[in-house]
Amino acid sequence: MMTKSEKQIMDLLWSVDEPLSCTEIIQMSGDKTWKDSYVHSLIKSLMKKDLVEVVSFELVSRSYARKFMPKLSKEQYCIREYLNESPDNNFVKLFTTYLDQCDSADEVQALEGVIEQWKTDRS
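First things first, this report covers the structure right here in the doc.

The full count for this structure, using the stated rule, is 7 salt bridges. The shortest N-O distance in the salt bridge between Asp50 and Lys71 comes to 2.6 Å. On the criterion of sequence distance, the pair formed by Asp50 in the loop between helix 3 (36–48) and strand 1 (52–60) and Lys71 in the loop between strand 2 (63–70) and helix 4 (74–85) is long-range, its members being 21 residues apart. Residue classification places Asp50 among the partly exposed residues on the basis of a relative accessible area of 39%. Of the residues examined, Lys71 reaches a relative accessible area of 38% and is grouped as partly exposed. Among the charged side chains, a network of salt bridges with common partners joins Lys7, Asp11 and Lys74.

For the rest of this paragraph, the subject is the state of the cysteines. Applying the stated criterion across every chain, the model contains 0 disulfides. Cys78 forms no disulfide, and the closest cysteine sulfur to it belongs to Cys102, at a distance of 18 Å. Among the residues examined, Cys78 registers a relative accessible area of 43% and is labelled partly exposed. Given the relative accessible area of 19%, Cys102 is considered buried.

Before going further, it helps to examine the environment of Val55. Structurally, Val55 can be placed in strand 1. Taking relative accessible area as the criterion, Val55 reaches 39% and is therefore assigned partly exposed. Spatially, the C-alpha atom of Val55 lies 33 Å from that of Thr120, the residues being 65 residues apart in sequence. When residues no more than four places from it in sequence are discounted, the contact partners of Val55 are Pro19, Lys67, Phe68 and Met69.

So, how was this worked out
- Residues numbered from 1 in each chain as written.
- Predicted model: local features only at pLDDT ≥ 70, side-chain atom pairs only at ≥ 80, totals over all residues.
- Heavy atoms only, no water.
- Salt bridge = Lys/Arg side-chain N within 4 Å of Asp/Glu carboxyl O.
- Helix = DSSP H or I, 4+ residues; strand = E, 2+ residues; numbered from the N terminus.
- Buried < 20%, exposed > 50% of the residue type's maximum accessible area, 1.4 Å probe, protein only.
- Disulfide = S-S within 2.5 Å.
- Contact = heavy atoms within 4.5 Å.

Purely geometric numbers; function is a separate question.
Here's what the structure looks like:
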């Protein structure tokens, strides 16, 4: 589970879809007044949770800055959290609940196509 600040950083990383340094994260955080050391601490915590990885280094002045990317998409993270939340949680429950709330025939048809493609790819 992520803290509120960790989630804000992950949302930023997911939204830009390119590697960011801590400095860039601070610059793109808008009205946040995060200090550099705090962002480093958040990134370190996200790395321990296996959510972020270092993907490159960039020369800044006379030192190198690490650039970070999410290891999972937002959707993959949500599924992982749902499945880890309770031993009773599973994809069938999630999918059934989604279908019960879905009011778009086009979406259901798109899901049927995804399932058919999955079957084809695995046979």
